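A closer look at the structure
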Amino acid sequence: MDEEQPVRQKIKLPQSLRWIPANSTWSKWKPVIRSALAAWIAVVVFIIPRTESIMGQAAFLIIIASFLSPPSDPFMAVLEREIIVLIFVALGWGWVCLGLLFASFARTQTVPDASIGTIITGEYIEAWPTVIMGVFLFIASVFFLYIKARLGPGPFLPASVFGCICVDISLTTAVLFPYPYYKIGQLIILPLAFHSAISLVISILVFPQSVSALFTTCLQGAVTPLTTAISLHRSHLLEDVTSSVFSHTQITDATNKAENALPILAVAARLLRVDIVYSRFAPTDYNELHAIMRKLMVRVHGMGVYYTLIDPTRERFPVTPAASRPATPVRSRPPSPRPDRRSSMTTEEKHASSVDQELRDRKPSRHQRPLSSHARSHPASSTSPFHSHRPHKHSHSHHAHNTLLHSSLLHLALSRVPKRSETAVGVFESQKYLNLEAIHLSHPDSAFFTARATELLSDSCQDLLSVCEEVLVISGAWIGNVRKFSFNFWRGHHEDKAQIHRTEVQKYEDLLEKLTRELDEFSTKKRLTVLDPYRPMFDRSYSASSDDEVPPHRYLFHCYVYQYHLLQFSVVLQDMLKEIIRLETERKKPRLWLPSLLNLLTWTTWEPTETIERDDDEDPEIIPGVNPAWMTDLGKAVKRDPDALPPRNALEIAMNWIYRAAIGIGGGNVLFALKAGALTVILSIPSFLRVSAEFAYANKFVWAVFMGQLTLARFRGDTTFGLVARLISTFAGGLIGTTMWYISTGSGRGNPYGLAAVCAVCYPSFFFARLYWPIPPMTNLIIWVTAALVMGYSYTDTHLAVASSPGWGIDVAWRRFVLVSVGVLAAGIFSLFPPSRTIRSYQRRTLATTSAELGSIYCSVVSYANSHVDKDSTIIIRSLLAIRSKLKRSLVLKENVIYEFSLRGKWPAERYHKILEIQLQIAYQLCHLMSVVHHLEPAWAYAFLRRTRMLDSDFQGDVLAVISLISNALRTGSPLPQITPCPLLDRFMVRHHGLNVVHEESEDNYGLPRMLTVETLENLQYLTFCVGVSTTFGIITRLDRLMVAVKELVGEQYHIDGVGMGHHRTWTGGEMASPTTSVRATEV
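Residues numbered from 1 in each chain as written. Predicted model: local features only at pLDDT ≥ 70, side-chain atom pairs only at ≥ 80, totals over all residues. Heavy atoms only, no water.

1. Focus: the overall build of the protein chain
- When helices and strands are tallied, the protein chain shows 37 helices and six strands.
- Burial status across the protein chain gives 56% buried among its 1084 residues.
- Put simply, the protein chain shows about 46500 Å² of open surface, and 60% of that area lies on carbon and sulfur atoms. (Helix = DSSP H or I, 4+ residues; strand = E, 2+ residues; numbered from the N terminus. Buried < 20%, exposed > 50% of the residue type's maximum accessible area, 1.4 Å probe, protein only. Areas by Shrake-Rupley, 256 points an atom, 1.4 Å probe, with all protein chains shown as cover.)

Laid out in structure tokens, this is it:
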């Protein structure tokens, strides 16, 4: 083995095959073996003459079902899926029987003893019974396809598919019979019942997996990258963050990897309540760990925010030049100083850039001052030393600065026009924002201050980070071993096991004590290290003209952001250790845990499902994981009917309900279902006409029916992709099935032993690819279903007496390919007819839905901060994570946009991606803000709301107007006004507080110190307060960026000539300064 290891390492597989070794672990092979064995047993049942005759002509469905619904999931998930499948198929059969009953009433000729040879010729087809069956086929197809589209991915998806297959085969065959052939549905449901029984038995007997085991596996998959992220945090804090080669992408990648495990974790958590397991721990005991993991994810993301705050190359606003040097904006000359605000830099751009480059090249110690006091500019004076630091004289006039700055900003905004056919958007916002950035959001010594702050931050956090990493490692090991030795009643003596158990519990208690001790020391002493640069301000000997300049308050706020999230991360780890100790203490002996049967089918459309990452048939108006009731949780703000008052009596209530139901028919899911039902009937016409019925039956034209039926999707791009994918996969699957058939039988007419042997050899590799091959799920599925169909039909036609036979081997394969081509081409053509939806509109509507939901959650967070009611914040956190999951899934869906042919022009994918990224950032910022307001005491919360203007109705009206404008513009595609309340930052920073909690001119101090002291800086509530201000600042700036990003997508309207420029003109009698230079604001 030692000699082979280097050889294996030298073999470098191509990217397309690396999924094979990545999934070649014993835990990944267990579902493969279980699924392959179930499918092989299905083949054995299929080739036994007695069972084959019992199942009938459609016995091959047992093999197809083995690939459509393999028992690769935990037992309870398989049980849920198989029960729903059988219920839907039985429902379809019942509907078919009802249709046959009504059709028999309209039949003029009933021949109960007609021969099968005469029946298949279509001689007994009559017009009115055929019409009735066509209507029943249409209604059934609409129902099942509506369920498929409305409920989306989940256990109802395969059930809807099998329901369609049952109705299609039954009605297109029963129309040939001169009497009601009620047993036609039995041919469909019997093979599926055999498959369900085999799958359930194999799920219990062969490598049985519980939902609890799946949950702990997924939980460990999330903890491992979290551990890596904390380790990377420790190393990155020791690096020179001002270096040009510094990057925090490794931390981001590790955090994203942990976050990507959350949807699968939510799937397992949903099924925990129905799990059956013999273990020490009840399945529902893991719910608390699930909640803890969600909180950890938010905290570790908050820690990563620090690196985006100090990143000098980050994009502050869409029009900021990417090539600009850090903290050195372009300007020709500085403005005059104004009271209560910071002035701009007086250093020339060339000199500042050379100084920054010199600092990077020399890489001095972060406590060594790289610039002299004469080589940098300083903020203007203020009435308080905590607002700004020292005065600086300027000799340039307002007019010179305003004119040159305006012309440079206007040129920069206009230079962003991507094409000659497009005009610039966001010029008004760009002018104001660039003015703010140039004057208030920069400092020439930012590299030095950042390096010094990061070094002090590292000194304060390293020890706590080390303990957190240790806790994650040990907790991950506990999660990995929690399911081991469930049946350990024969292992050792009772005394030995008790002693081992006490030792383990003591280990976790010692670790908890260590974490608590380190956390207390961090909270009381170590975190105060970052205050060292600010302590000279409180020294009586401190002079504002000294060379040791106190850094601006934003560097302290940045450190506080990191410390706060690390603090909360550690507190959550404490909760995890306490939960582990509780479980180990209370659950000492294993027992059998049984669920409540009422919980088995309590599944709703908004809950995450087991196929949430793999299916694309999802409603853009629904966010899985968010209760629709939460999406309108704005207190008493509810939607009204603009055309009618609320109903006053029972009649108006009934008519109102009927009206809403009729309006609902115009929804996307209903229109799609009606359209798909119409396509199903059209494709069934050859089976319904007397002249073509025999040909359609002999060549199995029903394949084209349900292939076209299931290829048609809500969006044209998905339909076209399904067309291409089904053609390719059908061709490949036909070749595989044909090859297997001739290997098993040679030139004969089918050998049961050869078929069983070939399947036993091939199925393990087939199901390995079926479960883990990273290709589109549709392509993967159709390949193996086609291969199974070719083998199944070939064996049925050679061993059963059937009325008509499509042949075997290559004959079945080419007929299958031709009929699939007919069905998918019909679906592709039909998708072009109205009503027709595109993925482009889906992306817009999804972004509109998530924008509106983010606005609702923003209001909920502000209300939470203002009411101070002890509510459960888990709902808001869960909603925000669900929004992020839906946005990330839309990244996958938009890949099929290339299949939507449009002569109007190229789809602006980059613009949509920009909007999506900003919404993802806002979602996490709202998570952080929720945490902050949860930990603020009432007095500090009021001070926070006052400083951030969240209680200012004028400002909040602007914020909500911006969110509403964005959502409506995305939903309708309408252009936005050229002048909007943006930039919100201009209003947000209308008063400068600096390090102070309460503004000097404020009438109410809420019982908090009006003048800043060292004790206030050291207060933990002050740290939380500062983090809240920084987080709100981040939300506001991202809303401004989102507005401009949406304008780039939908354009602008309502132009007013001269707005934003007129004040730069010189009028008779004097000149007027730019209003943008009179904004009394600074950064937060």
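2. A short note on the packing of helix H33 (residues 938-947) against helix H37 (residues 1020-1050)
- Look at H33 against H37: their axes get within 10 Å of each other, and the N-to-C directions meet at 30°. The pairing of H33 with H37 is recorded here as roughly parallel in orientation. Here H33 runs over H37; the crossing is right-handed. For the pair formed by H33 and H37, the contact residues are Trp 940, Ala 943, Phe 944 and Arg 947 on the first element and Gln 1021, Tyr 1022, Phe 1025, Gly 1028, Val 1029 and Thr 1032 on the second. (Axes fitted to C-alpha atoms, helices over the stretch in contact; angles between N-to-C directions. Parallel < 35°, antiparallel > 145°, perpendicular 65-115°, else oblique. Left-handed = near helix turned anticlockwise from the far one by under 90°. Contact = heavy atoms within 4.5 Å.)

3. Section: unusual backbone geometry
- Of the consecutive residues Cys 982 and Pro 983, the connecting peptide bond is found in the cis state with omega at 5°.
- Checked against the element boundaries, Pro 983 lands in the loop between strand S3 (976-977) and helix H35 (984-988).
- For Phe 207, which is not glycine, the phi dihedral falls at a positive 45°.
- Within the fold, Phe 207 resides in the loop between helix H10 (186-205) and helix H11 (211-237).
- On the basis of relative accessible area, Phe 207 is assigned to the partly exposed category, the value being 31%.

4. Comments concerning the pattern of salt bridges
- This structure, assessed with the given rule, holds 19 salt bridges.
- One salt bridge connects Glu 584 with Arg 280, and the closest N-O pair in it is separated by 3.2 Å. Of this pair, Glu 584 sits in helix H20 (residues 553-586) while Arg 280 sits in the loop between strand S1 (277-279) and helix H14 (287-310), and the two are 304 residues apart along the sequence.
- A salt bridge links Asp 463 to Lys 526; the shortest N-O distance between them is 2.4 Å. Residue Asp 463 is located in helix H18 (residues 446-481), and its partner Lys 526 is located in the loop between helix H19 (494-524) and H20; the two are separated by 63 residues in the primary sequence.
- According to the relative accessible area criterion, Asp 463 is partly exposed, its value standing at 39%.
- Beyond isolated ion pairs, a larger network of salt bridges with shared partners links Asp 463, Glu 518, Glu 521 and Lys 526. (Salt bridge = Lys/Arg side-chain N within 4 Å of Asp/Glu carboxyl O.)

5. Section: the packing of aromatic side chains
- According to the stated counting rule, one finds 38 aromatic pairs in the structure shown.
- Ring geometry for Tyr 307 against Tyr 562: centres 6.5 Å apart, planes inclined by 90°, an arrangement best described as edge-to-face. Here Tyr 307 is found in helix H14, whereas its partner Tyr 562 is found in helix H20, with 255 residues between them in sequence. A single burial state applies to Tyr 307 and to Tyr 562, both of which are buried.
- The structure contains a cluster of three or more aromatic residues connected by ring pairs, namely Trp 19, Trp 29, Phe 768, Tyr 772 and Trp 773.
- Positioned above the aromatic ring of Tyr 772, the side-chain terminus of Lys 28 is 5.4 Å from the ring centre.
- Taking NZ or CZ as reference, Arg 591 lies 3.8 Å from the ring centre of Trp 593, over its face. (Phe/Tyr/Trp six-rings, centres within 6.5 Å; stacked < 30°, edge-to-face > 60°. Lys NZ or Arg CZ within 6 Å of the ring centre and 35° of its normal.)

6. Brief notes about the packing of helix H12 (residues 249-260) against H14
- The geometry of H12 relative to H14 is characterised by a closest axis approach of 10 Å and an angle of 160° between their N-to-C directions. The orientation of H12 relative to H14 falls into the category roughly antiparallel. The handedness of the crossing between H12 and H14 comes out as left-handed. For the pair formed by H12 and H14, the contact residues are Ile 251, Thr 255, Ala 258 and Glu 259 on the first element and Met 297, Val 300, His 301 and Tyr 307 on the second.

7. A word on the environment of Ser 16
- As for its position among the elements, Ser 16 is in the loop between helix H1 (4-10) and helix H2 (19-22).
- Measuring from C-alpha to C-alpha, the distance between Ser 16 and Pro 774 comes to 8.6 Å, with 758 residues separating the pair along the chain.

8. What to know about the nonpolar core
- Among the nonpolar cores identified, the biggest contains 164 residues, and Met 293 and Tyr 562 are the most heavily contacted of them.
- A per-element tally of this core places H20 first, with 18 residues.
- Setting aside chain neighbours within four positions, we find Tyr 562 in contact with His 233, Leu 237, Met 303, Tyr 306, Tyr 307, Leu 457, Cys 461 and Leu 465.
- Counting residues in hydrophobic clusters, the runner-up holds 106 residues, among them Ala 39, Val 96, Phe 162 and Leu 710. (Core = buried A, V, L, I, M, F, W, Y, C linked by side-chain atoms within 4.5 Å.)

9. Some words on a nonpolar patch on the surface
- A contiguous nonpolar surface patch, about 460 Å² in accessible area, is contributed by Leu 98, Leu 101, Phe 102, Phe 105 and Tyr 182.
- By secondary structure assignment, the location of Phe 105 is in helix H6 (residues 75-106).
- A residue is classified by how much of its surface remains accessible, and Phe 105, at 59% relative accessible area, is exposed. (Patch = residues over 30% accessible without salt bridge, like charges linked within 9 Å, V, L, I, M, F, W, Y side chains within 5 Å.)

10. Some remarks on helix H22 (residues 668-683)
- When the terminal C-alpha atoms of H22 are compared, their 22 Å separation across 16 residues agrees well with the 22 Å that a helix rising 1.5 Å per residue should span.
- Taken together, the buried positions of H22 are Gly 668, Asn 669, Val 670, Phe 672, Ala 673, Lys 675, Ala 676, Gly 677, Leu 679, Thr 680 and Leu 683. (Expected span 1.5 Å × (residues − 1).)

11. Things to note about the side chain of Asp 168
- Its place among the elements puts Asp 168 in helix H9 (residues 156-174).
- In this structure Asp 168 is buried but unpaired, with Arg 816 as the nearest side chain of opposite charge at 11 Å.
- Aside from chain neighbours lying at most four places away, what touches Asp 168 is Leu 137, Ser 141, Thr 680, Val 702, Val 705, Phe 706 and Gln 709. (Lys, Arg positive; Asp, Glu negative; His and termini not counted.)

12. Things to note about H37
- The terminal C-alpha atoms of H37, which comprises 31 residues, lie 45 Å apart, in line with the 45 Å expected from a rise of 1.5 Å per residue.
- The N-cap of H37, judged by a side-chain oxygen 2.9 Å from the amide nitrogen of Gln 1021 a few residues on, is Asn 1019.
- Remark: Gly 1051 follows H37 within two positions and exhibits a positive phi of approximately 90°. (Polar contact = N/O pair within 3.5 Å; in protein donor to acceptor, adjacent residues only side chain to side chain.)

13. Examining the confidence of the model for the protein chain
- The predicted model of the protein chain has a mean per-residue pLDDT of 77, with 74% of residues at 70 or higher.
- Taken element by element, the predicted model of the protein chain shows its lowest mean pLDDT in helix H15 (residues 349-362) (38) and its highest in H10 (94).
- Note that pLDDT drops below 50 for residues 1-9; the model gives that stretch one contact with residues more than four away or on any other chain.
- For residues 629-637, every residue scores under 50 in pLDDT, and the model assigns this stretch 16 contacts once sequence neighbours within four places are set aside. (pLDDT = per-residue confidence, 0-100.)

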